[in-house]
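This is what each chain is made of:
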Amino acid sequence: MRAGQGILSRQDAEPLTLRARLVLTMHGPPLDGGWVALKRGRIVAVGRRSPPGRPHDLGDAVILPGLVNAHTHLEFSDLDEPLDADGGLPGWIRRVVAERRGRPTDRGDAVRRTILAGLQESANCGVTAIGDIATVVFPDVYSLPGPRTRVYREVIGLSAPAAAASLSSAGRDLDRLASAGVPVGVSPHAPYSVARHLGREILARSRRQGLPAAIHLGESEFEADFLANGRGPFRDLFEELGVWPIPAPQLLPAEEWITRLSRSPRGIVVHGTFLGTTAADLSLARLARHRDRLCVVVCPRTTRLLSGSMPPVARYRDAGVRVAIGTDSRASNPDLSVLSECRGLVAAGACSPREALRMATVDAAWAIGFERCSGMLAAGRPADVAILRPEAAIGDPFVTVLDPTTRVAATLRGGRLISGSID
Ligand SMILES: [Zn+2]
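Residues numbered from 1 in each chain as written. Predicted model: local features only at pLDDT ≥ 70, side-chain atom pairs only at ≥ 80, totals over all residues. Heavy atoms only, no water.

1. A closer look at the pairing of strand 5 (residues 62-65)
Right, on to step 1. When strand 1 (residues 16-23) meets strand 5, the two strands line up parallel, connected through two bridges. Note that in strand 5 the partner of Leu22 across the bridge is Val62.
Right, on to step 2. Of the strand pairs in this sheet, strand 5 and strand 14 (residues 385-389) are connected by four bridges, and their pairing is antiparallel. Across the sheet, Val62 pairs through a bridge with Leu388, a residue of strand 14. (Pairing = 2+ DSSP bridges. Helix = DSSP H or I, 4+ residues; strand = E, 2+ residues; numbered from the N terminus.)

Structure follows, in structure tokens:
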């Protein structure tokens with residue numbers, strides 16, 4: 001057993017206080033020489049200067065809430081590098097489908113191992129909470145030590161038979177997850193891949209059962225034209241894949257999806273890169289109107305790969321839209337590091353380090369409905385904590401956290417180490 005686990009294992013019997021050069025609670029000012037007191041897996045107090053009892057001193061470390069990855073697809077976590085994005089989103093989807101079809105059909109164990117690898121990689125990156133989009137589910141993996149996860153079961157289907165099959169397998173999976181106590185949500189994949197009837201059915205379940213929902217919208221410059229006129233690279237792709245039905249499916253524009261999503265208790269629009277680009281497009285106005293329920297989750301490195309630009313965070317901000325951050329999957333991203341996503345946004349001038357970290361903690365926790373347990377350090381909450389070790393001298397706290405030489409030393413979920421060591 002590592003020494004760090006030894007220290008933490010005493011918690012059930014006695015409190016443990018972690019002291020560090022800097023504590024970022026993400027709901028108040030940075031605490032120089034701060035401390036966090038833990039007991040039985042929860043935070044019991046946060047403060048600065050005189051900690052209770054004899055603290056465990058982490059030295060020149062930074063303690064912050066465990067990071068939250070509001071959008072990923074862990075079932076692609078075994079890919080060593082992103083798939084080629086030549087041809088934009090339709091070209092990339094062609095490669096994703098080829099990748100899936102090229103795998104053995106009976107690969108349940110392999111997918112389970114892949115999801116476990118993604119959970120561990122996330123923990124190694126300081127992540128303690130995840131919104132995962134899943135097409136197959138393994139309820140047992142979420143009771144193992146690792147980040148707390150909301151599993152959004154995805155549905156996809158353009159033809160009536162494909163939609164019916166997707167809906168019924170999703171229903172079975174949601175029941176299995178819920179009976180195992182796993183937080184769940186639903187995800188109609190995207191407006192170009194989900195027929196209107198299928199979207200209506202899955203969002204009705206979301207409303208009936210109080211489940212958060214997530215959908216990819218505004219991902220491609222070809223999307224709006226395809227939804228309106230049924231033509232362009234998406235149509236070519238679907239015909240090539242043999243999934244374009246006759247008669248053509250009824251598809252909904254992004255604005256209509258946003259209205260329907262707003263009837264769910266919590267809804268995520270993933271990416272949204274091409275929403276609100278014309279005066280006639282009411283998407284962002286609708287997202288802002290429903291900001292008590294809806295937000296956009298941006299995945300900066302994926303957007304850069306598939307669209308050649310960074311997410312238009314300033315446009316969302318100006319419109320009053322709430323924004324959180326995610327990594328998307330290893331099919332479009334080199335790793336599952338939320339901090340690297342934040343660095344990308346800041347380097348592009350899209351937001352300040354403080355704003356980026358808020359999107360990766362408080363806002364991302366809200367996005368996946370975990371605002372009561374994740375995203376900030378406060379008494380009474382689970383002890384979900386990331387401990388970072390800066391290499392450079394500590395200056396501005398938020399710049400220090402995002403410095404590329406700063407490394408994640410340890411990650412705790414509910415007061416237990418899920419990665420690294422605190423010694
Ligand atoms: Zn995605």
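2. Comments concerning the nonpolar core
Right, on to step 1. The biggest cluster of nonpolar side chains holds 71 residues, and the ones touching the most others in it are Leu287, Leu345, Leu357 and Val401.
Right, on to step 2. Shared between two domains, this core holds at least three residues of each, these being domain 1 (3-66 + 376-420) and domain 2 (67-367).
Right, on to step 3. Tyr192, Leu227, Phe238 and Ala331 belong to the second-largest nonpolar core, a separate cluster that totals 22 residues. (Core = buried A, V, L, I, M, F, W, Y, C linked by side-chain atoms within 4.5 Å. Buried < 20%, exposed > 50% of the residue type's maximum accessible area, 1.4 Å probe, protein only. Domains from an automatic or database assignment.)

3. Remarks on the domain arrangement of the protein
Right, on to step 1. Per the domain assignment, the segments making up the protein are domain 1 (3-66 + 376-420) and domain 2 (67-367).
Right, on to step 2. Averaged C-alpha coordinates put domain 1 and domain 2 at centres separated by 31 Å.
Right, on to step 3. Contacts between the two partners involve 24 residues from domain 1, matched on the other side by 25 residues from domain 2.
Right, on to step 4. When the two sides are added together, the surface that domain 1 and domain 2 hide from each other amounts to roughly 1,900 Å², 65% of it contributed by carbon and sulfur.
Right, on to step 5. For the domain 1 face of the interface with domain 2, the top three residues by lost area are Leu402, Arg413 and Ile418, together amounting to 33%. (Contact = heavy atoms within 4.5 Å. Buried area = accessible area lost by both parts, 1.4 Å probe.)

4. As for the side chain of Ser206
Right, on to step 1. Counting through the fold element by element, Ser206 comes out in helix 5 (residues 196-209).
Right, on to step 2. Classification of Ser206 as buried rests on a relative accessible area of 0%.
Right, on to step 3. Among the polar contacts listed, one links the side chain of Ser206 to the backbone oxygen of Leu211, at a separation of 2.6 Å. (Polar contact = N/O pair within 3.5 Å; in protein donor to acceptor, adjacent residues only side chain to side chain.)

5. Comments concerning the coordination of the zinc ion
Four donors placed tetrahedrally about a metal ideally form angles of 109.5 degrees, and six donors placed octahedrally ideally form angles of 90 or 180 degrees.
Right, on to step 1. For the zinc ion, the protein coordination sphere consists of His71 (NE2), His73 (NE2), His216 (NE2) and Asp328 (OD), at 2.0 to 2.5 Å.
Right, on to step 2. Coordination at the zinc ion is irregular, judged from the four donor atoms that bind it and the angles of 84 to 163° they form at the metal.
Right, on to step 3. Taken in chain order, the donor set of the zinc ion reads H-x1-H-x142-H-x111-D. Here His73, found in the loop between strand 6 (67-72) and helix 2 (88-101), pairs with Asp328, found in the loop between strand 13 (323-325) and helix 12 (338-347); they are 255 residues apart in sequence, far enough to count as distant. One exposure class covers both His73 and Asp328, and it is buried. (Donors = N, O, S within 2.8 Å, 3.2 Å for Na, K, Ca; no water. Tetrahedral: all angles 85-135°; square planar, octahedral: opposite > 155°, others 65-115°.)

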